[in-house]
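Listed below are the residues making up each chain.
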Amino acid sequence: MSTTEKDPHGVYPPSPEFVRHAHVQGIDGYRDLYRRAEQDPEAFWGEIASEQIHWFEKWTRVLDWQPPFAHWFVGAKTNVSYNCLDRHAASHRKNKIAILWEGEPGEHRHITYQELLRLVCRFANVLKARGLKAGDRSIIYMPMVPELAVAMLACARLGITHSVVFGGFSAEALKARIQDLGASVVITCDGGYRRGKEVALKPAVDEALAAGECPTIKDVIVYKRTGSNVSMTSGRDSWWHELDAALPDSADFCPAVELDSEHPLYVLYTSGTTGKPKGILHMTGGYLTHVTATMKWVFDLKDSDTFWCSADIGWVTGHSYVVYGPLSAGATTLMYEGAPDYPQFDRFWKIIARHRVNTFYTSPTAIRALIRQGDQWPEAHDLSSLRLLGSVGEPINPAAWEWYYRVIGKGRCPIVDTWWQTETGGMLIAPMPGAVPLKPGSGTLPMPGVIPDIVDFHGYPVEPGREGFLILRRPWPGMIRNIWGDPERFKEQYWTKVPGAYFTGDAARCDSDGYYWILGRVDDVMNVSGHRLSTMEVESALVKHPFVAEAAVVGKPHEITGQAVCCFVTLKKGHASEHEKLGKELRQWVAHEIGAFARPEEIRFTDALPKTRSGKIMRRLLREIVSSNTVSGDVTTLEDLSVIANLAAQTDED
Ligand code: WT7
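Treat the numbers as computed from the prediction; the structure is a model and nothing was measured. (Residues numbered from 1 in each chain as written. Predicted model: local features only at pLDDT ≥ 70, side-chain atom pairs only at ≥ 80, totals over all residues. Heavy atoms only, no water.)

Honestly, the nonpolar core in this entry has me stumped. Any pointers?
Note on soluble globular proteins: their nonpolar side chains tend to be buried together. Grouped together as the largest cluster of nonpolar side chains are 173 residues, with contacts concentrated most on Trp297 and Tyr324. The element contributing the most residues to this core is helix α6 (residues 146–158), with ten residues. Among the domains, domain 1 (103–278) and domain 2 (543–653) are the pair contributing at least three residues each to this core. (Core = buried A, V, L, I, M, F, W, Y, C linked by side-chain atoms within 4.5 Å. Buried < 20%, exposed > 50% of the residue type's maximum accessible area, 1.4 Å probe, protein only. Helix = DSSP H or I, 4+ residues; strand = E, 2+ residues; numbered from the N terminus. Domains from an automatic or database assignment.)

This is how it looks when you write it as structure tokens:
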């Protein structure tokens, strides 16, 4: 392959070699698709859906759009599990590896499409035998083992709406999700491995279900991963392998239920601007079409590719680009259980070399953390199998981009910087790598059918090149359909700011080439290691502590994780001493309330929080304090200026 050369303006056009083999070739190829989708979105998506997805019954209309409620492929019947498995098992892909799994301790499993279909059917039959059926809800709380994907696909096969809860969430967070969803089954593991240690999961399930606080749960199914001792509650808990062993031989097959295109596939909880996480609802046909199409457009997927997205399946990236997108597109998807730095800093590079990975999709946080360890780690491995790199979750800074491009991609591999959200289901702004010249730090151009705009406070488009709020003017197939159980919040959060348009919550700028530059969140949502976390959620956790009177939380710029959680805390009378000990305790408290990934970097104690005269905490000021330790701007509405002076003078108490 020839080298992709950088032009003097920092634009990286695709190499002729890459273009020659790409699904979408050259900027005209992109523009043609984009124009067709813009002119007649229904015809465009109807064609994509017919070509790429199996339907038991076709739609009567591609789209029924009654803002903010969309129905895609109205009246059509399909099944996600069928599309991910049966159709490939009945093709030349029957013996192709579907899931290539590497456990953290070093085991490997190579599961073919045929075998994955069998595993999914057997587990679907287990669920069926427990009386579970379409319309029921399940919670899946598992580490990155193939059975996590098996559980998702088995639920999808029967029409059981699943909600995967990331294994890093605490028992408290798990309980809140079980209750909100009204789930009847929890599918879990004894534990998983992370940095050589066991992360116990079953005890957290027991804690969440204790004291009858989750009365809807009838069943807990436990997959044995670590073999450690767990307690099993009789009448409620069963071992996966025992239920499997009790199945008849005929259980190797279980027909996929022909589901409505708008059947709820999954709910994924994410942080909003309040203390309560919101259950983002995704449906069947539109979501499947969107994630399948973007596999081809953005990852330029080839049948021979080994595709690796390093995200945990507990986040949307893992749903769409570890499980559903790759499997629907018939890819070999690599799944790795553990940490990038275990047992050494070259684990990712070792995996790429060993399995001859062709496409690698990861987060800027992971890249920055690995840069810090030095080039000797990637340089010790043969990374020549790579042909495409990807980035997701947060803006990628030019230095990290450059390193990823030179040291990992050896200047041969385009980097697709993909902007999207839990709510969008799949990518919305991302380059087609054989068509769109790259600019480091920009997600480049919108996907076909996506009509972004940048608007001011009043909802009017800003002048070209100016910053503003990123909105989306048209519905797209993978879009959020509702917030589980809270349509009012759904309308209010996304659809009222600019009537008829979707409000992303991100600030952005569009340059003179039409490239989008995402600048970050405009609401009280932090982005820590590419994971969304609400300031209010952390604040609610802190004020539950008996010593805490008030708390204000802001994101602080962080070299590796993008942002880090920084908390300002006022204590109740009589607890003013021992800041150091209490700081540690509060950090642990938040980890227990939400999950280890939410553990604050910093706790600052203060006598009072800066508030406006109407009593609102001035987060903008706090953000300035943590970013620069100086304060500027208009503080005339401040109740007590001395509070600011004290906060700025104080250094990290923790
Ligand atoms: C928020 C969504 C998309 C799956 C992972 C995160 C930020 C995401 C990018 C990117 C700049 C990005 C945005 C967005 N974000 N991708 N390529 N460049 N920012 O999903 O937890 O729903 O978070 O992540 O701020 O709104 P999420």
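Next comes the rest of the account.
Would you mind showing me how to read the environment of His71 here?
Among the structural elements, His71 can be located in strand β2 (residues 69–74). Since its relative accessible area comes to 36%, His71 is described here as partly exposed. Between the alpha carbons of His71 and Ile560 there is a distance of 40 Å; along the sequence they are 489 residues apart. If sequence neighbours within four positions are ignored, His71 has contacts with Val62, Leu63, Asp64 and Glu262. (Contact = heavy atoms within 4.5 Å.)

For this particular structure, what's the right way to read the packing of helix α4 (residues 80–89) against helix α5 (residues 113–129)?
Packed helix pairs are characterised by how far apart their axes lie and by the angle those axes make with each other. Running from amino to carboxyl end, α4 crosses α5 at an angle of 130 degrees, the nearest separation of the two axes being 8 Å. By the angle between their axes, α4 is oblique relative to α5. Helix-helix and strand crossings are classified by hand; for α4 and α5 the assignment is left-handed. Contacts from Ser81, Cys84, Leu85, Asp86, His88 and Ala89 of α4 reach α5 at Tyr113, Gln114, Leu116, Leu117 and Val120. Of the residues contributing to the contact of α4 with α5, the split by class is seven nonpolar, three polar and one charged. (Axes fitted to C-alpha atoms, helices over the stretch in contact; angles between N-to-C directions. Parallel < 35°, antiparallel > 145°, perpendicular 65-115°, else oblique. Left-handed = near helix turned anticlockwise from the far one by under 90°. Nonpolar A, V, L, I, M, F, W, Y, C, P; charged D, E, K, R; others polar.)

Can you walk me through the packing of aromatic side chains in this structure?
In this description, an aromatic ring pair is defined by two values, namely the gap between the centres and the angle between the planes. Across all of its chains, the model carries 46 aromatic pairs by this definition. Each ring, one from Tyr12 and one from Trp401, has its centre 4.6 Å from the other, and the planes form 55 degrees; the classification is tilted. A residue pair is termed long-range when its members are at least 10 positions apart, and Tyr12 in the segment before α1 (16–21) and Trp401 in helix α15 (residues 398–408) qualify at 389 residues. Both residues of the pair, Tyr12 and Trp401, belong to the buried class. Among the aromatic residues, ring-to-ring pairing joins Trp65, Phe69, Trp476, Phe490, Tyr494, Trp495 and Tyr502 into one connected group. (Phe/Tyr/Trp six-rings, centres within 6.5 Å; stacked < 30°, edge-to-face > 60°.)

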